[in-house]
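Understanding the architecture of this molecule
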Amino acid sequence: MAESTQANKMEDRQQVIEVETKKIKLDSNGTLNILNTFEFVKVLNENNLSKLMIIQAVKKDETRENKNAVIIFEKPHFGLEEVKSFLQIDNPYDIDLQNDIYNKFCLYPLRPYNNVQVQLIYPATEQHIQKYSMQEFFFVKESFEDYQNLTLKFINETQLNLKWVYNILEHKTESERIIFEDPDPQNGFILLPDMKWDCKVVDNLYVLAIVHQKDLLSLRNLTGEHIGLLENVRDKSLRALEEKFDVKKEKLRAYFHYQPSFYHLHVHFTHIKNQMPGMPERNIQLNQVLENLRIDSSYYQKVTMEMAVKKNDKLYDLFKHKFD
Ligand code: M7G
């Protein structure tokens, strides 16, 4: 009974795919018309383990100068409901091999279990294309002086647009996805699912807490004065996540990225089982940040941070003299 209700819920759910900050509804045939207006250019990155392919594409018949798009295709992780449905539903299949007790099939699941997650960034800037391209990484040491002389220059000249962040904070987009909000202008924040999470399998939980204060670019701006803000974000987010998804705080990571891609302070919350591809070295644990700020209020205005930079990144050019 519970299973069929669950299946009905999924069938009935509005067929909506998140595409950047807009929602694009599927037509009655389930066709997403937007993708066939793009033409493939090249593969930027792929990952067999995470079943992900990222491509560059261009918009056909487009008059604007920048026709570039980045499209991320991802086959989602199996959920238990999905696997149970394979046993219950008579899905089409091909037999690949049958030998004694050994059988191998190729199954063609029907909706809603044949979905592919798609993220479309359009128009995509050169920074977006670099961000999603496979590249060589280097570790670099950034003193606070380097941060002021080099990194801030990079942020001012090339930082990615924060419109999507302000849209969320102003309730213009994704407001129906908000899990929790503390509206206080000093210590408040909005907690909502990260674009990367399909909100189906709790083991893959990925949620963002975006602070209301607009002048905090990254953890480099944090001082002892922000301990209240950070404790508020941590405690209220963990409580809200336990209430909504029944996941204990001991199972959740809370961290910043250094360097982040978007310079508006936010905290990532992920399930301990969620092994995201990427650079784990970028993760700076929130609790560790709090400890450091308690020991020294200006810790992040003194400490040398080790960070990973991509070869094609402007930051690499700014720091590469330090390699010699
Ligand atoms: P980051 O550390 O600044 O950059 O984190 P990263 O992408 O290099 O990790 C920003 C986070 O915001 C990432 O986890 C993104 O997946 C997420 N994100 C980016 N955009 C454009 C959106 C969006 O429009 N909505 C939501 N909900 N999340 C987003």
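Residues numbered from 1 in each chain as written. Predicted model: local features only at pLDDT ≥ 70, side-chain atom pairs only at ≥ 80, totals over all residues. Heavy atoms only, no water.

Quick reminder of the rule: UniProt positions are given in the numbering used here, feature names are shortened, and annotations may be inferred rather than shown by experiment.
In the annotation of an unreviewed UniProt entry, the protein chain is listed under the name m7GpppX diphosphatase and assigned to Brachionus calyciflorus. Listed under Subcellular location (unreviewed entry) in UniProt, the entry text for the protein chain is "Nucleus". We quote the UniProt Sequence similarities (unreviewed entry) comment for the protein chain here in full: "Belongs to the HIT family."

**Points about the overall build of the protein chain**
So the rule is basically this: Counting from the N terminus, the helices are the DSSP runs of H or I reaching at least four residues and the strands are the DSSP runs of E reaching at least two. Partly exposed describes any residue whose relative accessible area lies between the buried limit of under 20% and the exposed limit of over 50%, with all areas from a 1.4 Å probe on protein chains only and scaled to the type maximum. By definition in these notes, contact holds between two residues if any of their heavy atoms fall within 4.5 Å. Computed with a 1.4 Å probe, the accessible areas rest on the Shrake-Rupley method; for each residue, only the protein chains presented here act as cover.
The helix and strand inventory of the protein chain stands at eight helices and 16 strands. Among the 324 residues that make up the protein chain, the fraction classed as buried is 42%. If you take every contact in the protein chain between residues at least 6 apart in sequence, the share linking residues at least 24 apart comes to 63%. Accessible area of the protein chain: about 18600 Å², with a carbon and sulfur share of 51%.

**Let's talk about the UniProt feature "active site" (unreviewed entry) in the protein chain**
Rule in force here: Polar contacts, as used here, are pairs of N or O atoms within 3.5 Å; protein pairs need one atom able to donate a hydrogen and one able to accept it. Residues neighboring in sequence count only if both atoms are side-chain atoms.
When the UniProt feature table is mapped onto this chain, "active site" (unreviewed entry) is found at His-266. Looking at the secondary structure, you find His-266 in strand E14 (residues 266-271). Apart from the residues lying within four places of it in its own chain, the contact partners of His-266 are Leu-208, Ala-209, Ile-210, Phe-256 and Pro-260. Reaching out from His-266, the side chain makes a polar contact with the backbone oxygen of His-264 at a distance of 2.7 Å.

**Considerations on a nonpolar patch on the surface**
Filter applied, for reference: To count toward a patch, a residue needs a relative accessible area over 30% and no salt bridge; like charges are then connected within 9 Å, while nonpolar side chains (Val, Leu, Ile, Met, Phe, Trp, Tyr) are connected within 5 Å. Any carboxyl oxygen of Asp or Glu that lies within 4 Å of a side-chain nitrogen of Lys or Arg is treated as forming a salt bridge with it.
Side chains of Tyr-93, Ile-95, Phe-105 and Leu-107 sit close together on the surface and give an oily, nonpolar patch of about 380 Å² of accessible area. The set of elements that each furnish at least two residues to the nonpolar patch consists of strand E6 (93-99) and strand E7 (102-107). Take Ile-95: it is sitting in strand E6.

**Some words on empty space enclosed by the protein**
Quick reminder of the rule: Every definition here rests on a 1 Å grid over the protein atoms only: cavities are sets of points where a 1.4 Å probe fits but cannot get out, pockets are open sets enclosed by protein on both sides within 12 Å along at least five of seven lines, and lining residues have some atom within 4 Å of a point. Grid points are joined across faces, edges and corners, and a volume is the space filled by probe spheres set on the points. Only Asp, Glu, Lys and Arg are considered charged in this grouping, and only Ala, Val, Leu, Ile, Met, Phe, Trp, Tyr, Cys and Pro are considered nonpolar; every other residue, Gly among them, is considered polar.
Applying the stated criterion across every chain, the model contains two cavities of 30 Å³ or more. Of the voids in this model, the largest cavity is the one considered here, and its volume is about 50 Å³. Every residue along the wall of the largest cavity is listed here: Leu-217, Ser-218, Leu-219, Phe-256, His-257, Pro-260, Phe-262, His-264, Leu-265 and His-266. Looking at the lining of the largest cavity, its residues break down into six nonpolar, four polar and no charged. Roughly 30 Å³ of internal volume is contained in the second largest cavity. Within the residue set of the lining of the second largest cavity, elements represented by two or more residues are helix H5 (163-169) and strand E12 (206-211). A per-class count over the lining of the second largest cavity returns four nonpolar, two polar and no charged.

**A look at the pairing of strand E4 (residues 52-59)**
The following threshold applies: Note: two strands are recorded as paired if DSSP finds a minimum of 2 bridges between them.
When you tally the buried positions in E4, you get six out of eight residues, the bulk of the element. Pairing of strand E3 (residues 38-47) with E4, which is carried by eight bridges, proceeds in the antiparallel orientation. Note on E4: the bridge partner recorded for Asn-47 is Leu-52. In this antiparallel pair of consecutive strands, E3 and E4, the connection spans four residues, and Lys-51 shows a positive phi of 50 degrees. Pairing geometry for E4 and strand E5 (residues 68-74), over seven bridges, is antiparallel. The residue bridging Ile-54 from the neighbouring strand is Ile-72, located in E5.

**Looking at the side chain of Asn-232**
Tracing the backbone through its elements, the reader meets Asn-232 in helix H6 (residues 227-245). Beyond its immediate chain neighbours, meaning those up to four positions away, Asn-232 contacts Asp-182, Asn-187, Gly-188, Phe-189 and Ser-237.

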